[in-house]
Amino acid sequence: MRTFFLCLIAVAAHAAVYQASVDQLTVVHGAAAADSAIHHTAPKSLRVEPGGQYPDALVRSAPVSLTIGKRYELSAWVRTDNLTVRDTDRSPIATGAALSMASMPFDVHSESLAGTRPWTRLSLRFTATRAQDAILLAVANGG
């Protein structure tokens, strides 16, 4: 069983902050559900697990407005429970639980967590190349 819990995602640029609640996220593949039993600082977290025809899980936020050329930081509190990733000797190289933006190449993402890890803050700094983008939460991407 590969499980990934997400507490809160935020994209910040200077004083402007966008926060996505678990209700503003769409499951692209895999399974995701709000979980009020396990959480960090918010009243509930998002429990994400691979499932269906895909060996991984992918969750996408609603569109986020950005200013092209401006620096942003994407961050979230993440906890993993027995998250195993098998590299299939293919490209892209498999990752654990990671954050990215939809417009970014597959190899641009936050630190990747696997195994069983306590609540850990993941972050990714980037320069916006689009006026509108979406946050991606990937679990076991590529393997």
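Residues numbered from 1 in each chain as written. Predicted model: local features only at pLDDT ≥ 70, side-chain atom pairs only at ≥ 80, totals over all residues. Heavy atoms only, no water.

Student: Just to check I follow, could you spell out the overall build of the protein chain for this structure?
Tutor: Assigned secondary structure in the protein chain consists of zero helices and twelve strands. Seen in sequence order, the protein chain has helices and strands lined up from the N terminus as β-β-β-β-β-β-β-β-β-β-β-β. With 143 residues in all, the protein chain has 43% of them scored as buried. Contacts in the protein chain between residues far apart in sequence, at least 24 positions, make up 74% of those at least 6 positions apart. With an accessible surface of roughly 7400 Å², the protein chain has 51% of that area assigned to carbon and sulfur atoms. (Helix = DSSP H or I, 4+ residues; strand = E, 2+ residues; numbered from the N terminus. Buried < 20%, exposed > 50% of the residue type's maximum accessible area, 1.4 Å probe, protein only. Contact = heavy atoms within 4.5 Å. Areas by Shrake-Rupley, 256 points an atom, 1.4 Å probe, with all protein chains shown as cover.)

Student: Help me out: how do you make sense of the sheet that holds strand β9 (residues 97-101) in this one?
Tutor: Strand pairing in a sheet relies on backbone hydrogen bonds. The paired strands run either parallel or antiparallel. In space, the four strands of this open sheet follow the order β3-β6-β12-β9, with antiparallel pairing throughout. Edge positions in the sheet fall to β3 (25-29) and β9, since each of these pairs with one other strand and no more. On average, each strand axis in the sheet is tilted by 25° relative to the strand beside it, whichever way the strands run. Judged from the four bridges that link them, β3 and strand β6 (residues 57-61) form a sheet pairing that is antiparallel. Following the sheet pairing, Val27 is matched in β6 by Val59. (Pairing = 2+ DSSP bridges. Axes fitted to C-alpha atoms, helices over the stretch in contact; angles between N-to-C directions.)

Student: How should I be thinking about the environment of Thr26 in this particular structure?
Tutor: Here Thr26 is to be found in strand β3. Separated by 33 residues in the primary sequence, Thr26 and Val59 have C-alpha atoms spaced 5.6 Å apart. Contact partners of Thr26, with chain neighbours within four places excluded, come to Leu58, Val59 and Arg60.

Student: Please explain the nonpolar core as it appears in this structure.
Tutor: One broad trend across soluble globular proteins is that nonpolar side chains are buried collectively. Among the nonpolar cores identified, the biggest contains 25 residues, and Leu66, Leu74, Met101, Phe126 and Leu137 are the most heavily contacted of them. Among the elements of the structure, β5 (45-49), β6, β8 (71-83), β9, β10 (115-127) and β12 (135-139) are those that each provide at least two residues to this core. Tallying contributions element by element places β8 first for this core, with five residues. (Core = buried A, V, L, I, M, F, W, Y, C linked by side-chain atoms within 4.5 Å.)

Student: What should I look at first to understand the packing of aromatic side chains in this one?
Tutor: Working definition: an aromatic ring pair is given by the centre-to-centre distance plus the angle between the planes. Taken as a whole and assessed by the stated rule, the structure comprises one aromatic pair. Both rings, one in Tyr72 and one in Phe126, keep their centres 5.7 Å apart while their planes meet at 20°; by these two values the pair is stacked. One end of the pair, Tyr72, is in strand β8; the other, Phe126, is in strand β10, with 54 residues separating them in the sequence. An identical accessibility class is assigned to Tyr72 and Phe126; each is buried. (Phe/Tyr/Trp six-rings, centres within 6.5 Å; stacked < 30°, edge-to-face > 60°.)

Student: Sorry, what's going on with the side chain of Ser100 here?
Tutor: On the secondary structure map, Ser100 appears in strand β9. Overall, the relative accessible area of 11% leaves Ser100 in the buried class. A distance of 2.9 Å separates a polar atom in the side chain of Ser100 from the backbone oxygen of Val108. With sequence-adjacent residues up to four places away left out, Ser100 is seen in contact with Leu74, Val108, His109, Leu124, Ala134, Ile135 and Leu136. (Polar contact = N/O pair within 3.5 Å; in protein donor to acceptor, adjacent residues only side chain to side chain.)

Student: Please clarify how the confidence of the model for the protein chain should be interpreted in this entry.
Tutor: For any part of a model where pLDDT is low, the fine detail of the predicted coordinates should not be relied upon. Taken over all residues, the pLDDT of the protein chain has a mean of 77, while the share at 70 or more is 72%. Across the protein chain, the secondary-structure element scoring lowest on mean pLDDT is strand β1 (residues 3-13), at 50, and the one scoring highest is strand β11 (residues 132-133), at 94. (pLDDT = per-residue confidence, 0-100.)

Student: Please explain the environment of Ala131 as it appears in this structure.
Tutor: By the secondary structure assignment, Ala131 is in the loop between β10 and β11. On the basis of relative accessibility, which here comes to 46%, the residue Ala131 falls in the partly exposed class. Through-space distance from the C-alpha of Ala131 to that of Thr67 is 5.5 Å; in sequence the pair is 64 residues apart. Those residues in contact with Ala131, other than ones at most four positions away along the chain, are Val64, Ser65, Leu66 and Ile68.

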